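Here is how the chains run, residue by residue.
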Amino acid sequence: MYEYELHRVRSSELLRAAAQERLAREVRRSRRTARREEAALHSTADAETHTDRPRRHRLARTA
């Protein structure tokens, strides 16, 4: 009987931990989505400020 109670306690702890992990993943996912949406809004305004000049290629460093 004692082993059965230990099993039930451990099982409930695992279920609680899994629920917390799911909640944490959901929060991270929503924050990431919000950051991406905000970056998309700002990137359209920033894209207009860039020039069409190609990037300057630097020479390789000598030994």
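This report concerns the structure included in the present document. (Residues numbered from 1 in each chain as written. Predicted model: local features only at pLDDT ≥ 70, side-chain atom pairs only at ≥ 80, totals over all residues. Heavy atoms only, no water.)

**Digging into the overall build of the protein chain**
Phase 1: On a plain count of helices and strands, the protein chain comes out with 1 helix and 0 strands.
Phase 2: Counting every atom, the protein chain has about 7,000 Å² of accessible surface; 53% of that belongs to carbon and sulfur. (Helix = DSSP H or I, 4+ residues; strand = E, 2+ residues; numbered from the N terminus. Areas by Shrake-Rupley, 256 points an atom, 1.4 Å probe, with all protein chains shown as cover.)

**A short note on the pattern of salt bridges**
Phase 1: Within this structure, the stated rule accounts for 2 salt bridges.
Phase 2: With its nearest N and O atoms 3.8 Å apart, the salt bridge here joins glutamate 5 to arginine 8. Here arginine 8 and glutamate 5 lie together in helix α1 (residues 2-47), a separation of 3 residues that amounts to about one turn.
Phase 3: Exposure remark for glutamate 5: the relative accessible area of 34% places this residue in the partly exposed category. (Salt bridge = Lys/Arg side-chain N within 4 Å of Asp/Glu carboxyl O. Buried < 20%, exposed > 50% of the residue type's maximum accessible area, 1.4 Å probe, protein only.)

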